[in-house]
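Secondary and tertiary structure notes
Here is what each chain is made of, one letter per residue.
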Amino acid sequence: MAVELSVGEVAERAGVAVSALHFYERKGLIRSHRTGGNQRRYDRDVLRRLAIIRMGQELGVPLAEIGEQLEALPDGRPAGKADWARMSSRWRDRLDRRITLMTRLRDELTGCIGCGCLSLKTCPLYNRGDLLSSEGSGPRRMMRPGRDVFDLE
C-alpha cells in the first residue's frame, strides 16, 4: 500500500506553507485525493514534485514552464534522475543567460549599464558619440549577448 501523507506532513517535509500546497494544487502542479472523512491526502511522490517546483522557482523559471515540464512526467511514479536531467537541460540556456547577466551586474554595477539616459550622450568614458543609441533603447551594455565585460571600447 502506498504511503499517504497529510497536508501538514507534506508541508513540513517539503518546507513550504500549507497555503503554497493549495496554490500549487489549484495550478495543477500537484495532486491530492480525499479520504472518506474529506481530508486531503498526498501520495509520497508529491515530495519530489515539490522539490522540482521549489528548485525551478529558485532558478527563476516561471511556474507555467515548470508546469509544462511536470506534465511530461509519467503518472504513478516519482520523477527520477533521467527525468530531472531532461527538465534541467531544457532550462540550461535560460540559466546560463541569467548567470551571465548577474555576473555582469555584480562586476559592472558601479559602471555604465548603457541605459541611454541623456547625460550619457556626451559620456566620454562609456558612450562616446552616443554609439549605444544605434543598438536600441534600454540597458544595452548589460543586456548584450556574450560573456565579455565591455565590448564597445
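All of these numbers come straight from a predicted model, not from anything done at the bench.

The next subject is the packing of helix H1 (residues 7-14) against helix H3 (residues 46-58). It is at 10 Å that the axes of H1 and H3 come closest, and there the two elements cross at 45°. One way to sum up the angle between H1 and H3 is to call them oblique. Crossing of H1 over H3 shows right-handed handedness. Residues Val 10, Arg 13 and Ala 14 of H1 touch H3, and the partners they reach there are Val 46, Leu 47, Leu 50 and Arg 54.

With that settled, consider helix H4 (residues 63-71). For H4, every residue scored as buried is listed here: Glu 65, Ile 66, Gly 67, Gln 69 and Leu 70. In this fold, the buried residues of H4 make contact with H3 and helix H5 (81-108).

This paragraph deals with the nonpolar core. Among the nonpolar cores identified, the biggest contains 24 residues, and Val 10, Leu 21, Ile 30, Leu 50 and Ile 53 are the most heavily contacted of them. Of all the elements in the fold, those that place two or more residues in this core are H1, helix H2 (18-26), H3, H4 and H5. Per-element tally for this core: the top contributor is H3, with 5 residues. Not counting residues within four places of it along the chain, the set of residues in contact with Ile 30 comprises Leu 21, Tyr 24, Glu 25, Tyr 42, Val 46, Arg 49, Leu 50 and Ile 53.

On the basis of which strands lie adjacent, the open sheet formed by 3 strands has the order S1-S3-S2 and antiparallel pairing. Of all the strands in the sheet, just strand S1 (4-6) and strand S2 (33-34) have a single pairing partner and so form its edges. By the bridge criterion, 3 bridges tie S1 to strand S3 (residues 40-43) in an arrangement that is antiparallel. Bridging across to S3, Glu 4 finds its partner in Asp 43.

Looking at where Arg 104 falls in the secondary structure, it is placed in helix H5. The class for Arg 104 is buried, based on a relative accessible area of 3%. Sequence separation of Arg 104 and Met 143 is 39 residues, and the distance between their C-alpha atoms is 9.1 Å.

Residues at a pLDDT of 70 or more form 73% of the protein chain, whose mean pLDDT is 79. Per-element confidence in the protein chain is highest for H2, whose mean pLDDT is 96, and lowest for helix H6 (residues 140-143), whose mean pLDDT is 67. Long-range and interchain partners of residues 149-153, a stretch whose pLDDT sits below 50, account for 14 contacts in this model, where long-range means more than four residues apart.

We now examine the packing of aromatic side chains. For any pair of aromatic rings, the description rests on two quantities: the centre-to-centre distance and the angle between the ring planes. For the structure on display, the rule yields 2 aromatic pairs. Judged by centre distance (5.9 Å) and plane angle (80°), the rings of Trp 84 and Trp 91 are edge-to-face.

A word on the pairing of S3. In this sheet, S3 lies alongside S2 in antiparallel orientation, the contact comprising 2 bridges. Its bridge partner lying in S3, His 33 is registered against Arg 41. What sits between the antiparallel neighbours S2 and S3 is a turn of 5 residues, in which Asn 38 has the positive phi angle 65°.

Glancing now at the pattern of salt bridges. Applying the stated criterion to the full structure yields 3 salt bridges. The partner of Glu 65 in a salt bridge is Arg 94, and the shortest N-O contact between them spans 2.4 Å. Pair noted here: Glu 65 is in helix H4 and Arg 94 is in helix H5, with a separation of 29 residues, a long-range link. Residue Glu 65 is classed as buried on the basis of its relative accessible area of 16%. For Arg 86, the salt bridge goes to Asp 83, with nearest N and O atoms at 2.5 Å. One end of the pair, Arg 86, and the other, Asp 83, are both in helix H5, 3 residues apart, so they sit about a helical turn from each other. Judged by its relative accessible area of 3%, Asp 83 falls in the buried class.

Cut-off values and rules
Residues numbered from 1 in each chain as written. Predicted model: local features only at pLDDT ≥ 70, side-chain atom pairs only at ≥ 80, totals over all residues. Heavy atoms only, no water. Axes fitted to C-alpha atoms, helices over the stretch in contact; angles between N-to-C directions. Helix = DSSP H or I, 4+ residues; strand = E, 2+ residues; numbered from the N terminus. Parallel < 35°, antiparallel > 145°, perpendicular 65-115°, else oblique. Left-handed = near helix turned anticlockwise from the far one by under 90°. Contact = heavy atoms within 4.5 Å. Buried < 20%, exposed > 50% of the residue type's maximum accessible area, 1.4 Å probe, protein only. Core = buried A, V, L, I, M, F, W, Y, C linked by side-chain atoms within 4.5 Å. Pairing = 2+ DSSP bridges. pLDDT = per-residue confidence, 0-100. Phe/Tyr/Trp six-rings, centres within 6.5 Å; stacked < 30°, edge-to-face > 60°. Salt bridge = Lys/Arg side-chain N within 4 Å of Asp/Glu carboxyl O.

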